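# Breakdown of the fold
Residue-level listing of the chains:
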Amino acid sequence: MMGVKDWVLSQLVSKSVVSTSQLSAGDRFSNNESPNEEFSNRVSADTSRLPISNPESQSDYPLEQVVGENSFESHCRIDEKLLDPLAKIERLQINFLRIVRRLRQSPDNLVVAKVLYRMHLASLIRAGESDLKRTNLRSDRAGKIAAEQEASGLPELDFSFRVLVLGKTGVGKSATINSIFNQSKAITDAFQPATDRIEEIGGMVNGMKISFIDTPGLLPSSTSSFRRNRTILCSVKRFIKKSPPDIVLYFERLDLINVGCGDFALMKLITEVFGSGIWFNTILVMTHSFSALPDGPNGYPLSYESYVTQCTDLLQHYIHQAVSDSKLENPVLFVENHPHCKTDVTGEKILPNGQVWKSQFLLLCLCAKVLGDVNTILKLRDSIELGPSNTTRLPSLPHLLSSFLRHRTVVGPSGEDTDANVMLCSDIEEDEYDQLPPIRILTKSEFEKLSKLQKKEYLDELDYRETLYMKKQLKEESRRRRESKFHKDGSLGADGSSDNQEPAEAVQMPDMAVPPSFDSDCPLHRYRCLLTGDQWLARPVLDPHGWDHDVGFDGVNLEIVTELKHNMVASVTGQLSKDKQDFNIQSECTAVYVDPKGPTYSVGLDIQSSAKNLIYMVRSNAKVRHFKCNVTECGVSVTSFGGKNYIGAKIEDSVSVGKRLKFSMSAGSMGNFRQAAYGGSLEATLRGRDYPVRNESSSVTLTVLSFKKDTVLGGSFQTDFRLSRGTGMSVSGNLNSRKMGQVCVKTSSSDHVEIALFAVVSICRALLRRRVNHRETLETG
Ligand SMILES: Nc1nc2c(ncn2[C@@H]2O[C@H](COP(=O)(O)OP(=O)(O)OP(=O)(O)O)[C@@H](O)[C@H]2O)c(=O)[nH]1
Ligand SMILES: [Mg+2]
């Protein structure tokens, strides 16, 4: 749930501009009786949901606004109908800025600036190449023209919108309408339902023609009230059929919000009658904002902000349940209608946080209406729908090929990474660690007494020794594995039975972070894991954003490595998660056979879920080591998804120069009888001196992918290194022939906290610069 600022901000963060979707899209949802017939001939506007970069994006569901027949176009005079869309947008922009001035909001106001920005983006999307320059000029000029027109009062402002109000009886719907018009236009009653029929109440506020459709209040949900509520809603539906509203307001009392959970049943009924789409256009309005705040768990009254957040979250939660979608975010407005409500120096009613609520109310309605009109004018549409996603986004063939071409590390029979193992074994130097002179570990107080330079030298020495010690450990581990294998071979050969080894000691895995709302009655140790020597590892997966927020564990992660037969090992790794909506699986099963004569063969099955589909890949690989420095691999695969099968083949070769430099190349193709994608890569990798103990390496890769006569060349680099003890850095970047690319710099430090300050300073500078730029843009306008 969001405040006005957050709402518009989130619209921008979600990379969307303004988008349109028919509210009749609601008939995709559980509504049999032609759910949105009222809305069927209107175009609705979502203030955010037009994805710029990814038209298929389904991740954002902000406010959607209904634009009715009385919307922009019907207000336009005949000559306006002749204007081209960009001219209409300019006119709308000018009107918007004129009203903003009347509401005494500066164009610098965040909400206003964002709406202008979104209008500009939307125009850019629709503008043809030749119109691009014009679009920029127009958005700059609008502010100036608005100021001139306001000064002269000409032409007369022509702006209107219609608002539908819904909510339980006595929540203050009619009182709010009266407050907005500053007159007693609707009947209110403190003791009994006051509005007994649907009534349209119109008036002028700040030069805008506003018309409210006041409706009889719904009764608190119960079996006896269900029928009456349904009748009211159906009659509202009939009323707005011919002339749908621009905005819907759902009212609730801030002071009574936590009493019972009847709201959910009401929201469900509203969804049933109007369709889920109605919530796209709904602003939540909380009346009685000056009521006494309830006590918090510590016995003191809650702060206004935290109480408001709690209430709005609850309401938003009910809406999510009603529409079966947790991504929708409705804007929220706070209202206080009491005649003795506190006022500011200008006599405007204010909220406990000092905000003038009426101007916020009008501003948000204005923004929603304007963005809706932009959608109508530019005919922006989107394909976003509420509820669980039904669309299947299947991976493309080039995408499948590039993941097939990626090198897979082969896990050998003793569970180790063969590449790293080879590197360790080739390290024939004597163990340097054993030759080191003994060192005395200092106590904390002794360490404190050292000078700065001595401290540094001492820590560097420890670090050096730690590296050597880890190297030695890894080598010993690898030697032990080889010996036990050799031993096993020998003993099997002699008496057919392997030696009885002491079972490895169980090691406790580090504790997992548990959600803050974790039930204190459930002991934490339930989720503790022991790592035993039996090569099984199963861990629950914590997903704090999962369906079950209280427990947060929706999945399980499994890793198994087991020796099936002599020289044959099988491994399964995977993660499974299941909640009420989704089932996800990512798994890799591989069986590896190491031929004593040299080659290694592997077969495997990968299963991966993609939306509601599963992608299967059966693969097989053969690997031969020629001499010590050259490894050749070839692989085939069959991938099956969406009822189609693709066959893939690849060849890989890698040559090591010395211990640290490695060149690899791969080439392959994937496709079926009708189409195929081809690709390949060349890679050079330089490993750090202490690999694999310290994961330092640099690599440069060139790739080429060709599909349907379209070839994309790409280059990338990745380097991971240690700047100093305790400070690591990773820099990566890529660029392709379509001029798309990215650079990523990551650093982590346990020593230099000041690095975080750099980040804070750079972010602040970037924000300030944007603000200055924006102000300049508006000033020139
Ligand atoms: N203190 C306070 N009282 C309010 C507020 N809003 C409404 N009221 C009072 O609540 C009572 C009911 O308000 P109405 O506007 O009639 O409520 P309604 O939602 O229109 O009710 P129906 O017409 O029955 O659907 C009136 O006495 C209002 O004065 C508010 O924000 N603060
Ligand atoms: Mg009323």
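Let me sum up the structure you'll find in this document. (Residues numbered from 1 in each chain as written. Chains lettered and ligands numbered in written order. Predicted model: local features only at pLDDT ≥ 70, side-chain atom pairs only at ≥ 80, totals over all residues. Heavy atoms only, no water.)

## Some thoughts on the coordination of the magnesium ion (ligand 2)
- Looking at the magnesium ion (ligand 2), the protein donor atoms are S174 (OG) and T195 (OG1), and they sit 2.0 Å from it. Taken together, the positions of S174 in helix α7 (residues 173-181) and T195 in the loop between α7 and β5 (199-205) put the pair 21 residues apart, joining distant regions of the chain.
- Residue classification places S174 among the buried positions, given a relative accessible area of 8%.
- Assessed through its relative accessible area of 13%, T195 is described here as buried. (Donors = N, O, S within 2.8 Å, 3.2 Å for Na, K, Ca; no water. Helix = DSSP H or I, 4+ residues; strand = E, 2+ residues; numbered from the N terminus. Buried < 20%, exposed > 50% of the residue type's maximum accessible area, 1.4 Å probe, protein only.)

## Considering the side chain of K237
- Secondary-structure assignment places K237 in helix α8 (residues 223-239).
- A relative accessible area of 4% places K237 in the buried class.

## Here we look at the sheet that holds β5
- Reading across the sheet, the six strands line up as β5-β6-β4-β7-β8-β9 and stay open at both edges, with mixed pairing between neighbours. Looking at which strands have only one partner, the edges of the open sheet turn out to be β5 and β9 (332-334). Across this sheet, the average inter-strand angle for adjacent strands is 25 degrees, counted without regard to direction.
- Note: strand β7 (residues 247-253) against strand β8 (residues 282-287), six bridges, orientation parallel. Note on β8: the bridge partner recorded for Y250 is L284.
- Across the sheet, α8 lies against β4 (160-167), β5 and β6 (208-214), angled at about 170 degrees from β4, the strand it touches most. (Pairing = 2+ DSSP bridges. Axes fitted to C-alpha atoms, helices over the stretch in contact; angles between N-to-C directions. Contact = heavy atoms within 4.5 Å.)

## A closer look at the packing of aromatic side chains
- One pass over the full model with this rule turns up seven aromatic pairs.
- With 6.2 Å between their ring centres and 40 degrees between their planes, F264 and Y318 make a pair best called tilted. You can see F264 sitting in helix α9 (residues 262-274) and its partner Y318 sitting in helix α10 (residues 304-323), a full 54 residues away along the chain.
- On the accessibility criterion, F264 (24% relative accessible area) is partly exposed.
- With relative accessibility at 7%, the residue Y318 sits in the buried group.
- Judged by centre distance (5.7 Å) and plane angle (50 degrees), the rings of F447 and Y458 are tilted. Placement of the pair is F447 in helix α15 (residues 444-449) and Y458 in helix α16 (residues 452-495), with a sequence separation of eleven residues. Assigned by exposure class, F447 and Y458 land together as buried.
- Directly above the ring of F181 sits K185, whose terminal nitrogen or CZ lies 4.8 Å from the centroid.
- When the ring centre of F404 is taken as origin, the NZ or CZ atom of K650, which lies over that ring, is 5.1 Å away. (Phe/Tyr/Trp six-rings, centres within 6.5 Å; stacked < 30°, edge-to-face > 60°. Lys NZ or Arg CZ within 6 Å of the ring centre and 35° of its normal.)

## A few points about helix α12 (residues 397-405)
- For α12, every residue scored as buried is listed here: L397, P398, L400, L401, F404 and L405. Down the axis of α12, the smallest arc covering the buried residues is 160 degrees, so these residues share one side.
- The inward-facing, buried residues of α12 contact β17 (613-626), β18 (630-641), β19 (644-657), β20 (661-671), β21 (676-687) and β22 (697-707). (Arc of directions from axis to C-beta.)

## Here's the deal with the packing of helix α4 (residues 85-102) against helix α11 (residues 357-378)
- The interhelical angle for the contact between α4 and α11, taken along N-to-C directions, is 175 degrees, at an axis separation of 10 Å. As far as their axial angle goes, α11 and α4 are roughly antiparallel. Along the contact surface, α4 presents P85, K88, I89, L92, F96, I99 and V100, while α11 presents L363, L366, C367, V370, D373, V374, I377 and L378.
- Across the contact of α4 with α11, the residue classes tally to 13 nonpolar, no polar and two charged. (Parallel < 35°, antiparallel > 145°, perpendicular 65-115°, else oblique. Nonpolar A, V, L, I, M, F, W, Y, C, P; charged D, E, K, R; others polar.)

That is the geometry; function is a separate question.
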